[in-house]
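Summary of the model geometry
One-letter residues, chain by chain:
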There are 2 protein chains.
Amino acid sequence: MSGRLAVVGLGPGDARYLTEEARLALDEADALYGYGPYLDRVPEHPGQSRHASDNREELGRAAAALDHAASGVRVALVSGGDPGVFAMAAAVCEAIDTGPAAWRGLDLAVVPGVTAMLAVAARAGAPLGHDFCAISLSDNLKPWAIIERRLAAAAEAGFVIALYNPVSKARPTQLGVAFAILLRHLPPSTPVIFGRAVGRDGERIAVVNLARAAHEPADMATLIIVGSAMTRVVARPNRPPLVYTPRAAAEVRG
Amino acid sequence: MSGRLAVVGLGPGDARYLTEEARLALDEADALYGYGPYLDRVPEHPGQSRHASDNREELGRAAAALDHAASGVRVALVSGGDPGVFAMAAAVCEAIDTGPAAWRGLDLAVVPGVTAMLAVAARAGAPLGHDFCAISLSDNLKPWAIIERRLAAAAEAGFVIALYNPVSKARPTQLGVAFAILLRHLPPSTPVIFGRAVGRDGERIAVVNLARAAHEPADMATLIIVGSAMTRVVARPNRPPLVYTPRAAAEVRG
């Protein structure tokens, strides 16, 4: 039997967010690979081997999983959220592109999942209700100048903006710079949603405005959604506010 | 007992793509609302009433579901893909924002799902592997000039672009105009993925380049992903090509 690699999205949190397709892919695997805290979310299965790795070693982890699958084993490589959004699927494709020819013959399946921006948006209402974009604020793999340029272009053109990887220990100040850039193109009253650990213990949703956003705490478990000039906040009695971007868009400035 | 409205994402296709949370929300509802073909995907439950409506009547459908929930009933309003992405959640928020005060007191839950761009991306490899955006090509609710401006801004800034609602009977020519705009900012060799009915009968994935994209058939069940200048296609023996956007980005032009 030839091997198989499934790159499986776990969604934002516990098992409630798994799709049936993801559950099946995890159940039928002989070996599980992934970043330790993601692997810990997957129920133990007798006879399945587990290979936890560090968060930073994406390409090495992809290569190890591919190598194991190429030996004829069914391997599942787990990813938080959706594997195609700032996660493992691109690393696997890159490893196949640059690795041994045998890896191109492997049965590869990417199993989609609910990515963090969809989970945070759902908790807040419908902030992604119109055109939107997703930007990783990490400059480990791209120059910071590109990030600045994309933030400005997206805000100017009226996209709602989801910010992944907003902060890390090595990058404590860039989120503040990002908000300052956005303030040049968006009203200070623009709603900003901070969603931390959605679907997990310690979940927290906060809605502030762009002028105040730099004072709000954030870490690597935080996903931030910055509205467009059209995004609205609806106050509700005894309930958190609803944030949504209307389906209809008027002409934007500029 | 006070009523409840759950806006539930069904994912792209059959029940394999449902999350456990979505399945529970559907099971416990007294009444189901939605566009007919989406409702048809939900298994019948004894004692549940069903209220199918036309695709175009989003705000009316949202109001009917809210009204029913406000009478003390548990209502589930179903949406294809994710309810927050060009779907029902924004219409529900808009109805609450502009409707009777009682609707603001309702228990509202948005249940996220796998949106079409994630499902199409998973089938193709990892084309959304870096910063990306989602644009609806429908100008029912926004001026076409905004769409042109967003296409140009996104391509110029190096975003991968997912196009929702690319074509309809009333809009047969705008997709061709969109590709012509993108060709001004992207190489003719840029990979373009057409994903039709992913996860359902008649699923079809095609990978072409931007210069050829206007000749590829598309309809309202098609989701299109246009790569950035960095997006790569990996040929594989006896398998469809892999399309991915590397995690690392170099400086973009312009």
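Residues numbered from 1 in each chain as written. Chains lettered and ligands numbered in written order. Predicted model: local features only at pLDDT ≥ 70, side-chain atom pairs only at ≥ 80, totals over all residues. Heavy atoms only, no water.

Here we take up the overall build of chain A. In terms of helices and strands, chain A carries 7 helices and 13 strands. Here the C-alpha coordinates of chain A stretch approximately 60 × 40 × 35 Å along the principal axes. For chain A, the residues scored as buried account for 59% of the 254 residues in total. Look at the contacts in chain A between residues 6 or more apart in sequence, and 66% of them connect residues 24 or more apart. Accessible area for chain A stands at about 9,600 Å²; split by element, carbon and sulfur atoms hold 52% of it. Distance from the positive charge centre (25 side chains) to the negative charge centre (25 side chains) of chain A: 9 Å. (Helix = DSSP H or I, 4+ residues; strand = E, 2+ residues; numbered from the N terminus. Buried < 20%, exposed > 50% of the residue type's maximum accessible area, 1.4 Å probe, protein only. Contact = heavy atoms within 4.5 Å. Areas by Shrake-Rupley, 256 points an atom, 1.4 Å probe, with all protein chains shown as cover. Lys, Arg positive; Asp, Glu negative; His and termini not counted. Charge placed at Lys NZ, Arg CZ, Asp CG, Glu CD.)

Glancing now at the packing of helix H3 (residues 58-70) of chain B against helix H4 (residues 88-98) of chain B. All names here are of chain B. Orientation of H3 relative to H4, taken along the N-to-C sense of each, is 65°, at an axis distance of 9 Å. Classed by the angle they form, the pair H3 and H4 counts as roughly perpendicular. Read as a crossing pair, H3 and H4 show a hand that is right-handed. Within the contact between the two elements, H3 uses Glu58, Leu59, Arg61, Ala62 and Leu66 and H4 uses Met88, Ala91, Val92, Glu94, Ala95 and Ile96. Across the contact of H3 with H4, the residue classes break down as 8 nonpolar, no polar and 3 charged. (Axes fitted to C-alpha atoms, helices over the stretch in contact; angles between N-to-C directions. Parallel < 35°, antiparallel > 145°, perpendicular 65-115°, else oblique. Left-handed = near helix turned anticlockwise from the far one by under 90°. Nonpolar A, V, L, I, M, F, W, Y, C, P; charged D, E, K, R; others polar.)

Following the criterion strictly, the structure yields 0 disulfides over all chains and no others. Not part of a disulfide, Cys133 of chain A finds its nearest cysteine sulfur in Cys133 of chain B, a span of 6.6 Å. (Disulfide = S-S within 2.5 Å.)

The next point concerns the relation of the copies chain B and chain A. The transformation that overlays chain B on chain A combines an axial shift of 0.0 Å with a rotation of 180°, and the residual RMSD is 0.0 Å. Viewed as a symmetry operation, the transformation between the two copies matches a two-fold axis. A shared interface surface links the copies, since 100% of the contact residues of chain B are contact residues in chain A too. (Least-squares fit on C-alpha atoms with pLDDT ≥ 70 in both.)

This part is about the packing of helix H6 (residues 144-156) of chain B against helix H7 (residues 174-183) of chain B. Residue and element names in this part refer to chain B. For the pair H6 and H7, the least separation of the axes is 9 Å and the interaxial angle reads 35°. Regarding H6 and H7, the two cross each other, and that crossing is right-handed. On the side of H6, the interface is formed by Trp144, Glu148, Leu151, Ala152 and Ala155, while H7 contributes Gln174, Val177, Ala178, Ile181 and Leu182. Here the residues of the contact of H6 with H7 sort into 8 nonpolar, 1 polar and 1 charged.

At the junction of the two partners, chain B supplies 78 residues and chain A supplies 78 residues. With both sides pooled, the region where chain B packs onto chain A buries about 6,600 Å², and carbon together with sulfur makes up 58% of that total. Considering only the side of chain B, the residues that lose the most area to chain A are Arg149, Arg150 and Arg247 of chain B, jointly responsible for 12% of the buried surface there. Inspection of the region where chain B meets chain A yields 12 salt bridges. For Arg23 of chain A, the salt bridge goes to Glu20 of chain B, with nearest N and O atoms at 3.9 Å. Where chain B meets chain A, there are 34 residue pairs in polar contact (both at pLDDT 80 or more). Split by residue class, the side of chain B that touches chain A holds 44 nonpolar, 12 polar and 22 charged. Two strands pair when backbone bridges link them, and strand E7 (residues 132-136) of chain A and strand E7 (residues 132-136) of chain B are joined in this way by 3 bridges, in the antiparallel orientation. Looking at E7 of chain B, one finds that Ala134 of chain A is bridged to Phe132 of chain B. (Buried area = accessible area lost by both parts, 1.4 Å probe. Salt bridge = Lys/Arg side-chain N within 4 Å of Asp/Glu carboxyl O. Polar contact = N/O pair within 3.5 Å; in protein donor to acceptor, adjacent residues only side chain to side chain. Pairing = 2+ DSSP bridges.)

On to the side chain of Asp82 of chain A, then. Looking at where Asp82 of chain A falls in the secondary structure, it is placed in the loop between strand E4 (74-79) and helix H4 (88-98). One buried charged side chain, Asp82 of chain A, makes no salt bridge at all; its nearest oppositely charged neighbour is Arg123 of chain B, positioned 9.9 Å away. Within the structure, Asp82 of chain A has its side chain in polar contact with the backbone nitrogen of Gly84 of chain A (distance 2.7 Å). Engagement of the side chain of Asp82 of chain A in a polar contact is seen with the backbone nitrogen of Gly113 of chain A, the distance being 3.0 Å.

It is worth spelling out the packing of aromatic side chains at this point. Taken as a whole, this structure holds 8 aromatic pairs over all chains when the rule is applied. When the ring of Phe86 of chain A is compared with that of Tyr164 of chain A, the centres are 5.0 Å apart and the planes differ by 55°; the resulting orientation is tilted. Separated by 78 residues along the polypeptide, Phe86 of chain A in the loop between E4 and H4 and Tyr164 of chain A in strand E8 (residues 160-164) bring together distant segments of the chain. For the pair Phe86 of chain A and Tyr164 of chain A, a shared accessibility class is recorded, and that class is buried. Following the ring pairs from residue to residue traces out a cluster consisting of Phe86 and Tyr164 of chain A together with Phe132 of chain B. In this arrangement the basic side chain of Arg150 of chain B is found over the ring face of Phe159 of chain A, its NZ or CZ atom lying 5.9 Å from the centre. (Phe/Tyr/Trp six-rings, centres within 6.5 Å; stacked < 30°, edge-to-face > 60°. Lys NZ or Arg CZ within 6 Å of the ring centre and 35° of its normal.)

Right, let's get into a nonpolar patch on the surface. Residue and element names in this part refer to chain A. A grouping of Ile205, Val207 and Val233 is seen on the molecular surface, where their side chains present a nonpolar patch of about 190 Å² in accessible area. Topologically, Val207 is positioned in strand E10 (residues 204-209). With relative accessibility at 31%, the residue Val207 sits in the partly exposed group. (Patch = residues over 30% accessible without salt bridge, like charges linked within 9 Å, V, L, I, M, F, W, Y side chains within 5 Å.)

Here we come to the pattern of salt bridges. All names here are of chain B. Scanning the model with the defined rule gives 30 salt bridges over all chains in all. With its nearest N and O atoms 2.9 Å apart, the salt bridge here joins Arg74 to Asp30. Taken together, the residues span a long stretch of sequence, with Arg74 in strand E4 (residues 74-79) and Asp30 in the loop between helix H1 (20-27) and strand E2 (31-35) at a distance of 44 residues. Of the charged contacts in the structure, one is a salt bridge between Glu203 and Arg123, with a shortest N-O distance of 2.6 Å. Taken as a pair, Glu203 in the loop between strand E9 (191-196) and strand E10 (204-209) and Arg123 in helix H5 (residues 116-124) lie far apart in primary sequence, 80 residues in all.

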